[in-house]
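Now for the letters of each chain:
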Amino acid sequence: MYTVKIRNHIMIAHSLKREAFGPAQNLHGATYIIDVTFSKATLDENNIVIDIGHAHQVLEQIVNDLNYQNLDEHPELKNELTTTEFLAAYIHGKIKDKVKDRFDGKIGVTLGESHVAWASYYD
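Thresholds, definitions, all that
- Along each chain, numbering runs from 1 in the same order as the chain's sequence is written.
- A pLDDT threshold of at least 70 governs which residues receive local features in this predicted model, and a stricter bar of 80 or more applies before side-chain atom pairs are shown or counted, although totals over entire chains, interfaces and linings include all residues.
- Working from all heavy atoms in the structure, the side-chain values ignore hydrogens and water.
- Helix numbers and strand numbers start at the N terminus; a helix is a DSSP run of H or I with at least 4 residues, a strand a run of E with at least 2.
- Radius of gyration here uses only the C-alpha atoms, and the compact-globule reference equals 2.2 Å multiplied by the residue count raised to the power 0.38.
- Working definition: with a 1.4 Å probe on protein chains only, accessible area under 20% of the residue-type maximum means buried, over 50% means exposed, and in between means partly exposed.
- For a helix, the expected span equals 1.5 Å multiplied by the residue count minus one.
- Here, two residues are considered to be in contact whenever any of their heavy atoms come within 4.5 Å of each other.
- Nitrogen and oxygen atoms within 3.5 Å of one another constitute a polar contact, given that in protein one can donate a hydrogen and the other can accept it, and given that sequence-neighbouring residues count only through two side-chain atoms.
- Only centres within 6.5 Å qualify two rings of Phe, Tyr or Trp (six-membered ring in Trp) as a pair; their planes then separate them into stacked at under 30 degrees, edge-to-face at over 60, and tilted for everything else.
- Paired strands, as defined in this entry, are two strands with at least two bridges between them according to DSSP.
- Only C-alpha atoms enter the line fits that serve as axes; for helices the fit covers just the stretch in contact. Angles between N-to-C directions range over 0 to 180 degrees.

Student: I keep staring at the overall build of the protein chain and nothing clicks. Help me out?
Tutor: Per the secondary structure count, the protein chain includes two helices and four strands. Along the chain direction, N to C, the helices and strands of the protein chain fall in the order β-β-α-α-β-β. Computed over the C-alpha atoms, the radius of gyration of the protein chain is 15 Å, within 12% of the 14 Å expected from 2.2 N^0.38 for a compact globule of 123 residues. With respect to the three principal axes, the spread of C-alpha positions in the protein chain is 50 × 30 × 20 Å. Taken across its 123 residues, the protein chain has 41% of its residues classed as buried.

Student: Would you take a moment to explain helix 1 (residues 52–66) for this structure?
Tutor: Because each turn of an α-helix spans 3.6 residues, side chains separated by three or four positions end up pointing in the same direction. Taking 1.5 Å of rise per residue, the 15 residues of helix 1 would be expected to cover 21 Å, and the 21 Å separating its terminal C-alpha atoms lies within 8% of that figure. Of all the positions in helix 1, only His54, Ala55, Val58, Leu59, Ile62, Val63 and Leu66 are classed as buried. At its buried positions, helix 1 is contacted by strand 1 (2–14), strand 2 (28–40) and helix 2 (84–99). With a side-chain oxygen positioned 2.9 Å from the backbone nitrogen of glycine 53, the residue opening helix 1 is aspartate 51. Note on helix 1: the residue one or two positions beyond its end, tyrosine 68, has a positive phi of about 60 degrees.

Student: How should the packing of aromatic side chains be read in this particular structure?
Tutor: The relation between two aromatic rings is expressed through the spacing of the ring centres and the mutual angle of the planes. Counted by the stated rule, this structure contains two aromatic pairs. Plain terms: the ring middles of phenylalanine 38 and phenylalanine 103 are 5.2 Å apart, the flat faces sit at 85 degrees to each other, and that makes the pair edge-to-face. Of this pair, phenylalanine 38 sits in strand 2 while phenylalanine 103 sits in the loop between helix 2 and strand 3 (106–114), and the two are 65 residues apart along the sequence. Across the pair, phenylalanine 103 and phenylalanine 38 agree in class, each one buried. On the numbers, 6.4 Å between centres and 20 degrees between planes, the contact of phenylalanine 86 with tyrosine 90 is stacked. Remark: tyrosine 90 and phenylalanine 86 occur in helix 2; sequence separation between them is four residues, near one turn of the helix. Given a relative accessible area of 26%, phenylalanine 86 falls into the partly exposed group. Judged by its relative accessible area of 13%, tyrosine 90 falls in the buried class.

Student: Sorry, what's going on with the sheet that holds strand 3 here?
Tutor: Think of a sheet as strands paired side by side through backbone hydrogen bonds, with each pair either parallel or antiparallel. Here four strands make up an open sheet; going across it, the order is 1-2-3-4 and the pairing antiparallel. Only two strands of the sheet have a single neighbouring strand rather than two, namely strand 1 and strand 4 (117–122). Between one strand and the next, the sheet's axes are offset by a mean angle of 20 degrees, whatever the strand orientation. Here 13 bridges tie strand 1 to strand 2, and the two strands are oriented antiparallel to one another. From the neighbouring strand, asparagine 8 faces strand 2, where its bridge partner is isoleucine 34. Where helix 1 meets the sheet, it contacts strand 1 and strand 2, and its direction lies at approximately 10 degrees from that of strand 1. Here helix 2 sits on the sheet in contact with strand 2, strand 3 and strand 4, set at roughly 145 degrees to strand 3.

Encoded structure:
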């Protein structure tokens, strides 16, 4: 299996309005490291998994839409419980949609919420 991994980060605000989240029910900030892994069993005709420059551009577009936003007010997310797991899946879906014409392998998205906690979504 071949893989390409890229990284970026976002700084967001949100609240998790359920009792299970204790003090995180209140509005708070979070900084996430975003790792995206593209995997394929074979290389394409250019001997690559995906064009790394294109992958970075796609992730940058998604980051620009979320960075420094209050997700409680974001048009696509304001009615969602934006847990780290949910955000990993959300970012995954956005990436998958944007690369579908250039990439036909597996995608994994991991959000690092701190140096001791991560959540991921893989297809």
